[in-house]
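# Topology and contacts: notes
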Amino acid sequence: MSFFSRSPWILHYDGSSCNGCDIEVLACLTPLYDVERFGVLNTGNPKHADILLVTGSVNERNIEIVENLYRQMPDPKVVVAVGACACSGGIFARAYNIQGGIDKVIPVDVYVPGCAARPESIIDGVVQGIAALEAKRKKTA
Amino acid sequence: MTSLIAFLIAFPIVVGTILLLITRASIRNPIVLVASAAIAAASVATVVTFGNGDGVFFGLPGGIVPGQALLAAEIAITALIVVIGLMNRRILAPIMAIAQLAIALFLEVTGRMPEADPQRLFWFDRLSMVMILVIGLIGTLICVNAIGYMHDYHRSNPMIKGRRNVFFSILFIFLAGMFGLVVSNYLPMMLVFWEITTVCSFLLIGYTRTPETIGYAFKALNMNLLGGLGFGLAIALLADQHLGLDFAKLMAGPASGTLLAAVALLAFAGITKSAQMPFSSWLIGAMYAPSPTSALLHSSTMVKAGVFLLLRLSPAMSGSTVGYLVTFVGLGTFLFVSLVAVTEQNTKKVLAYSTIGSLGLIVGCAGIGTPELAWVGVMIIIFHALAKGLLFLVVGTIENRLYTKDMENFDTLLSRLPRVSVLALAGIAGMFIAPFGIVVAKWAAIRAFLLVPGGQGAVMILIMAFGSSLTLFYWGKLLIKVLSMRSISDYERSIERRISRYEWFTEGALAVGVIAVTASIGLISDRVVGPYALSAFAAGPQTFLNIEPAMLVVMLAAVLFLPLLAVWASTRKFDAADFYTSGRSANASHVMGAALGGSKSVTLRNYYLEGVINGAMMFRVGTLACGAILIAMVTVGMVVR
Amino acid sequence: MTPAVYGVLFVFLAPVFGGLLAGVDRRVSARMQGRIGPPLLQPFYDLGKLLQKQARQVNPVVEPLLLGHVFFMAVSGVLLLSGTDLIFIAFVFALAALFLVLAAGSVNSPYSFAGAERELVVLLASEPFFILMMAAICKVTGASTYAGVLASPQLVAVQLPGVLLAFLLVATIKLRKSPFDISTSHHPHQELVSGLTTDMSGRMLAYVELAHWYESALLCAFMVLLFNWSVPLGLLAFAIAYALEVLVDNSTSRAKWQLVLRSTWAATLVFSGGNVLALFLLSR
Ligand code: SF4
């Protein structure tokens with residue numbers, strides 16, 4: 001039996017976002033959505049995390065950070081891009097310093113659309129992330 | 001037996017005199033090696049000859065009594081102190097030395113000095129046996145270590161004039177003084193050896209002859225001469241009372257009247273020599289001397305003479321107010337120096353405070369005067385001598401390689417000096433990690449304090465509870481620093497190869513000793529320390545430590561854990577850059593990118609509890625408090641009788 | 001059953017107890033915050049997952065030190081129940097806690113190191129109490145072992161109200177509850193990233209959890225010592241105390257280490273120290 005589906009721990013990283021998506025991510029933790037029901041924890045630490053939730057796009061300055069955080073997560077791990085910015089650069093895509101979506105830097109497993117992404121779809125994204133996590137574990141095991 | 005004891009006292013003096021005349025290292029080193037081996041062998045032979053009985057008494061062949069020779073020795077010592085004192089324009093030390101001589105002369109001239117019993121000059125029992133082994137084995141290892149250390153010391157301190165012939169000469173005479181001290185049964189003879197150790201430590205502390213060390217040397221001299229004066233007065237008191245000056249007879253049971261007054265004065269002497277508060281500062285000052293000096297003063301000689309005397313006094317102090325006050329001087333010292341130690345960053349000083357604290361525990365045990373606590377006291381002597389001797393030598397070696405005594409600069413020691421780290425960890429484990437050793441002693445001490453009636457028992461337990469936790473804090477900080485790792489350059493890797501074989505051999509031997517003694521603690525307790533405690537107090541049979549074999553295995557694992565881990569880990573490869581720095585990348589040398597470009601190196605500093613504990617103030621408060629208790633102790637002894 | 005059997009049972013049952021307690025804790029905390037919270041068995045799922053994950057070795061000493069931490073925590077419990085001297089237990093307990101400090105300190109990273117130093121401070125804050133508590137229990141009952149205290153006709157908690165009071169305060173440290181959870185930052189709190197566990201991943205983090213479960217079980221066993229006249233009563237007292245801790249955890253923010261040290265020492269000195277002093281004076 002795998003425990004990953006019952007205990008997905010999340011690292012939330014905010015790239016170049018407008019903070020709209022971040023507020024929605026945090027809303028998932030509130031009594032209304034209460035993702036801890038499914039064992040989800042917001043760890044704030046790559047070494048404890050299974051799922052990297054990224055909001056906002058990558059820019060020149062945070063490429064290194066995103067790469068570093070991703071590298072420090074222990075396997076198996078998945079990346080969920082939350083919101084239009086994280087998926088493609090969103091409304092900031094043409095800005096002078098923006099590189100584009102997160103997948104420019106690290107492999108993304110799940111794309112969650114929306115501007116901002118709604119809590120329901122974020123939770124749905126995490127659930128799909130868990131499936132990806134399971135698949136990766138099976139591959140390595 | 002007699003001839004072996006005579007050898008142990010006379011031979012080091014002869015060697016010391018010869019070494020004084022030899023300035024060439026190529027000739028000196030073999031002499032030091034051979035003499036050390038001979039002394040070690042003789043001390044083992046003494047113990048083997050003794051077997052394992054209760055105390056024996058013996059004199060010199062032909063029934064010679066030292067008589068005038070003692071007086072001559074005292075005059076010589078006084079003359080030496082007066083000359084050196086006046087050369088350095090110090091007046092206090094000569095005055096005290098002369099005062100002490102005056103007492104002896106007065107007794108001698110008025111014919112009051114009781115003669116020694118020619119058949120009872122020396123007293124050898126299991127406590128002497130432990131001390132002989134501590135001095136003969138650990139002391140000589142330190143002498144051998146000094147060969148390597150002093151070579152590097154003078155190379156890295158070219159400003160200091162090399163007088164290594166003097167240094168080694170004093171080391172050996174020091175050993176002779178200690179041997180004499182622990183087997184003397186005639187008090188005036190013991191006093192002469194007592195003063196020999198005082199003068200030797202004075203000369204060793206002042207070895208570098210900088211204004212700073214000369215100051216500390218005189219501080220040590222003054223405080224110890226004050227103690228010697230107390231010793232002399234005790235003899236004077238006893239001389240008048242026609243009780244004789246036979247140490248074993250005087251200390252056979254609880255004292256009263258004039259004898260109690262003399263016991264109080266002798267306890268005062270023991271407290272000065274074991275660097276208890278208010279006399280702790282001399283031992284801290286001694287930290288500025290070369291490390292073998294520190295190792296010698298702290299582990300096998302000098303301070304151990306102080307606690308040895310107090311343990312000898314223990315049956316006489318038993319149950320008296322004097323005894324309780326001695327206990328509070330010791331425990332008070334333990335508490336306050338532990339408070340100071342958590343705020344101290346200089347590793348040698350932390351070790352020094354830890355020494356004073358451990359000695360405080362022994363003093364605390366001696367004052368109560370029960371077999372259980374005497375057992376604890378001797379156990380601490382054994383473990384402390386080994387582990388602390390090792391730690392001081394290791395810190396000396398580190399100091400000569402990394403040019404620092406600062407605890408903060410010991411970080412990643414496991415990567416930089418892996419083999420030295422193993423030795424350091426063995427020493428720390430012996431001092432503190434081991435559930436046996438000092439910790440078992442603390443446990444047994446609390447058990448015994450529970451039986452002390454009235455409020456003082458509660459205070460003793462409170463002191464133990466807080467003091468023990470403070471020791472945990474400063475050892476923990478040191479361990480963190482030693483155990484941390486990073487990647488190192490080839491140059492750094494080469495540093496360790498330059499440590500001399502003298503240092504490897506002596507420190508390795510002590511590390512093995514720590515582990516061997518821990519493994520055989522049951523045996524030592526059942527065969528040596530237990531019987532000693534029972535015979536000293538003429539108590540009925542009892543067991544002190546009940547260890548099941550399974551428990552011993554678990555505990556031995558605890559002692560071996562850290563050193564073995566270090567041996568294993570130092571050979572492993574790992575990614576030293578893989579630590580969390582909020583996403584900024586860091587490299588294996590702990591340099592990380594800064595927010596606005598450029599780079600910063602990661603420095604991590606231990607907590608020293610600033611703002612909560614003020615070390616300097618704690619030292620003053622402790623000195624005042626223990627000083628007041630000490631004055632009360634002597635007064636009670638003199639007045640109440 | 002012989003005491004040795006109790007010791008062996010501790011090795012296997014204490015983690016179950018500690019894990020369930022953590023599960024209840026998370027549910028109760030969630031309810032206090034108006035949430036439903038995770039399943040009761042969530043801590044076991046977490047542990048299982050951590051064991052399946054990769055463990056990144058930041059250096060070779062961390063994992064052995066953590067194993068030592070678990071081992072000595074378990075050994076403390078085994079020795080306690082199998083009849084080793086209570087005062088000795090206090091020292092082994094501290095040794096076990098020290099191994100966690102060493103593991104985190106050896107990482108040499110800013111967050112782990114800060115966590116390790118804070119853990120050392122809370123160890124310094126709590127250790128005097130445990131030595132004092134064990135000494136006081138031995139003094140009251142005249143016994144020196146766990147079974148001996150339980151068999152004693154003396155009612156420990158009645159004679160040691162001050163010690164009981166200080167226990168509630170110090171347990172806040174050992175149960176890693178706010179305002180005294182300054183070194184680990186358990187999951188809802190995220191100060192210092194994750195404190196001393198920051199650089200521990202996979203099974204290494206699982207060891208820390210496991211050791212903490214042993215620790216919780218030990219604290220419960222200590223509570224039973226205080227309520228020695230009936231084991232169920234001791235368990236009930238622990239349950240009430242734990243509920244209080246959870247309430248405090250959810251209604252306070254974390255203190256600075258200075259305050260933790262000062263307040264814990266003051267409580268130990270005044271409540272337990274005063275209690276012990278009275279005990280000695282009255283037992284004349
Ligand atoms: S997707 Fe929209 S709401 Fe989300 S960060 Fe980008 S701009 Fe803000």
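Residues numbered from 1 in each chain as written. Chains lettered and ligands numbered in written order. Predicted model: local features only at pLDDT ≥ 70, side-chain atom pairs only at ≥ 80, totals over all residues. Heavy atoms only, no water.

## With respect to the overall build of chain A
Secondary structure assignment for chain A yields four helices and seven strands. For chain A, the N- to C-terminal ordering of α and β elements is β-α-β-β-β-α-β-α-β-β-α. Expected size for 141 residues packed as a compact globule is a radius of gyration near 14 Å; at 14 Å, chain A falls within 12% of this value. For chain A, the distance from the average position of its 13 positive side-chain charges to the average position of its 15 negative side-chain charges is 5 Å. (Helix = DSSP H or I, 4+ residues; strand = E, 2+ residues; numbered from the N terminus. Rg over C-alpha atoms; globule rule 2.2 N^0.38 Å. Lys, Arg positive; Asp, Glu negative; His and termini not counted. Charge placed at Lys NZ, Arg CZ, Asp CG, Glu CD.)

## A look at the site of the ligand
All names here are of chain A. Taken together, Ser 17, Cys 18, Gly 20, Cys 21, Gly 83, Ala 84, Cys 85, Gly 114, Cys 115 and Ala 116 are the residues near the ligand. Elements represented by at least two residues in the shell around the ligand include exactly helix 1 (20-27) and helix 3 (83-88). The element that contributes the greatest number of residues to the shell around the ligand is helix 3, accounting for three residues. (Near = heavy atom within 4 Å.)

## A short note on the interface of chain B and chain C
Taken residue by residue, the interface counts 63 residues in chain B and 64 residues in chain C. Note on chain B versus chain C: buried area summed over both sides is about 5400 Å², and carbon and sulfur give 80% of it. Taken as a group, Phe466(B), Ile480(B) and Tyr607(B) account for 12% of the area that chain B buries against chain C, more than any other trio of residues on that side. For the interface between chain B and chain C, the tally reads one salt bridge. For Asp85(C), the salt bridge goes to Arg447(B), with nearest N and O atoms at 2.5 Å. At the boundary of chain B with chain C, the tally comes to six residue pairs in polar contact (both at pLDDT 80 or more). For the side of chain B that touches chain C, the secondary structure elements donating two or more residues are helix 18 (418-433), helix 19 (438-449), helix 20 (455-483) and helix 24 (549-569) of chain B. (Contact = heavy atoms within 4.5 Å. Buried area = accessible area lost by both parts, 1.4 Å probe. Salt bridge = Lys/Arg side-chain N within 4 Å of Asp/Glu carboxyl O. Polar contact = N/O pair within 3.5 Å; in protein donor to acceptor, adjacent residues only side chain to side chain.)

## What about the pattern of salt bridges?
With the rule as written, the count across this model stands at 21 salt bridges over all chains. As a salt-bridge pair, Glu408(B) and Lys481(B) come within 3.1 Å of each other at their nearest N and O atoms. With Glu408(B) in the loop between helix 16 (371-402) and helix 17 (413-416) and Lys481(B) in helix 20, this pair connects stretches of sequence that are 73 residues apart. Just as Glu408(B) is buried, Lys481(B) falls in that class too. Several salt bridges converge on common partners, so that one network encompasses Asp34(A), Glu36(A), Arg26(C), Arg35(C) and Asp46(C). (Buried < 20%, exposed > 50% of the residue type's maximum accessible area, 1.4 Å probe, protein only.)

## Regarding the nonpolar core
Grouped together as the largest cluster of nonpolar side chains are 364 residues, with contacts concentrated most on Trp282(B), Met633(B), Phe222(C) and Leu226(C). Not counting chain neighbours up to four residues away, the residues in contact with Phe222(C) comprise Leu80(C), Phe93(C), Phe130(C), Met133(C), Met134(C) and Phe167(C). Core analysis: the second largest hydrophobic core is formed by 22 residues, Ile10(A), Val25(A), Val40(A) and Val78(A) among them. (Core = buried A, V, L, I, M, F, W, Y, C linked by side-chain atoms within 4.5 Å.)

## Quick notes on empty space enclosed by the protein
Residue and element names in this part refer to chain B. Scanning the model with the defined rule gives ten cavities of 30 Å³ or more in all. Taken as a whole, the second largest cavity holds about 120 Å³ of empty space. In terms of lining, the second largest cavity is formed by 13 residues, of which the most central are Gly 67, Leu 70, Glu 108, Met 113 and Tyr 186. Looking at the lining of the second largest cavity, the elements that each hand over two or more residues are helix 3 (68-87) and helix 4 (92-109). Of all the elements, helix 3 adds the most residues to the lining of the second largest cavity, at three residues. Broken down by class, the residue content of the lining of the second largest cavity amounts to nine nonpolar, one polar and three charged. (1 Å grid on protein atoms, 1.4 Å probe; cavity = no way out; pocket = protein on both sides within 12 Å on 5 of 7 lines; lining within 4 Å. Points joined across faces, edges and corners; volume = space filled by probe spheres on them. Nonpolar A, V, L, I, M, F, W, Y, C, P; charged D, E, K, R; others polar.)

## Describing the side chain of Ser354(B)
Residue and element names in this part refer to chain B. Among the secondary structure elements, Ser 354 is positioned in helix 15 (residues 347-368). Within the local environment of Ser 354, its side chain forms a polar contact with the side chain of Lys 388, the two groups lying 2.8 Å apart. What Ser 354 contacts, discounting residues up to four positions off in sequence, is Lys 388, Met 431, Tyr 474 and Trp 475.

## Things to note about unusual backbone geometry
Going from Cys115(A) to Ala116(A), the amide bond is cis rather than trans, its omega being -5 degrees. Within the element layout of this structure, Ala116(A) appears in the loop between strand 7 (110-112) and helix 4 (119-140). For the bond running from Met277(B) to Pro278(B), omega is 10 degrees, close enough to zero to count as cis. Inspection of the secondary structure puts Pro278(B) in the loop between helix 10 (257-273) and helix 11 (281-285). Phi is positive for Met302(B), close to 50 degrees, though the residue is something other than glycine. Locating Met302(B) in the fold gives a position in the loop between helix 12 (291-300) and helix 13 (303-317). For Met302(B), a relative accessible area of 0% corresponds to the buried category.

## So, the pairing of strand 3 (residues 51-55) of chain A
Residue and element names in this part refer to chain A. In terms of burial, strand 3 is largely enclosed, as five of its five residues are buried. Here strand 3 shows a buried face lined by Ile 51, Leu 53 and Thr 55 and a second buried face lined by Leu 52 and Val 54. Taken together, the five bridges between strand 1 (residues 9-14) and strand 3 define a ladder with parallel strand orientation. Each bridged residue has a counterpart across the sheet, and for His 12 the counterpart in strand 3 is Leu 53. Examined bridge by bridge, strand 3 and strand 5 (residues 78-82) share five bridges and lie parallel to one another. Bridge pairing in strand 5 places Thr 55 opposite Val 82. (Pairing = 2+ DSSP bridges.)

## What to know about the pairing of strand 1 of chain A
In this sheet, strand 2 (residues 41-42) of chain A lies alongside strand 1 of chain A in parallel orientation, the contact comprising two bridges. Within strand 2 of chain A, the position partnered with Trp9(A) by the bridge is Leu41(A).

## Quick word on the sheet that holds strand 5 of chain A
Residue and element names in this part refer to chain A. Within the open sheet, the five strands sit side by side as 2-1-3-5-7. Their pairing is parallel. The sheet is open, and its two borders are formed by strand 2 and strand 7, each paired with just one other strand. Bridge analysis of strand 5 against strand 7 gives three bridges, and the strand direction is parallel. Paired with Val 82 across the bridge in strand 7 is Val 112. In this fold helix 1 packs onto strand 1, strand 2, strand 3 and strand 5, with an angle of close to 140 degrees to the strand it touches most, strand 3. (Axes fitted to C-alpha atoms, helices over the stretch in contact; angles between N-to-C directions.)

## Brief notes about helix 12 of chain B
Among the ten residues that make up helix 12 of chain B, ten are buried, leaving the element largely enclosed by the rest of the structure. In the stretch just after helix 12 of chain B, Met302(B) is the one whose phi turns positive, near 50 degrees.

## A word on the environment of Glu408(B)
Residue and element names in this part refer to chain B. Its relative accessible area of 9% is what places Glu 408 among the buried residues. Sequence separation between Glu 408 and Arg 605 is 197 residues, and the spatial gap between their C-alpha atoms is 6.4 Å. Those residues in contact with Glu 408 that lie beyond four places of it in its chain are Gln 345, Lys 481, Leu 604, Arg 605, Asn 606 and Tyr 608. Of note is the side chain of Glu 408, whose polar atom sits 3.1 Å from the side chain of Lys 481. A distance of 2.4 Å separates polar atoms of two side chains, one belonging to Glu 408 and the other to Tyr 608.

## Points about the interface of chain C and chain A
It is common to report an interface's size as the accessible area lost on association of the parts. At the interface, 30 residues of chain C touch 30 residues of chain A. Both faces considered, chain C and chain A share a buried interface measuring about 2500 Å² in area, 50% of it formed by carbon and sulfur atoms. Broken down residue by residue, the surface that chain C buries against chain A is led by Lys49(C), Gln52(C) and Lys53(C), which jointly contribute 25%. For the pair chain C and chain A, the number of links is six salt bridges. Between Asp50(A) and Lys53(C) there is a salt bridge; the shortest N-O distance is 2.8 Å. Applying the counting criterion to the chain C and chain A interface returns 21 residue pairs in polar contact (both at pLDDT 80 or more). Looking at the side of chain C that touches chain A element by element, the count peaks at eight residues for helix 2 (residues 42-52) of chain C.

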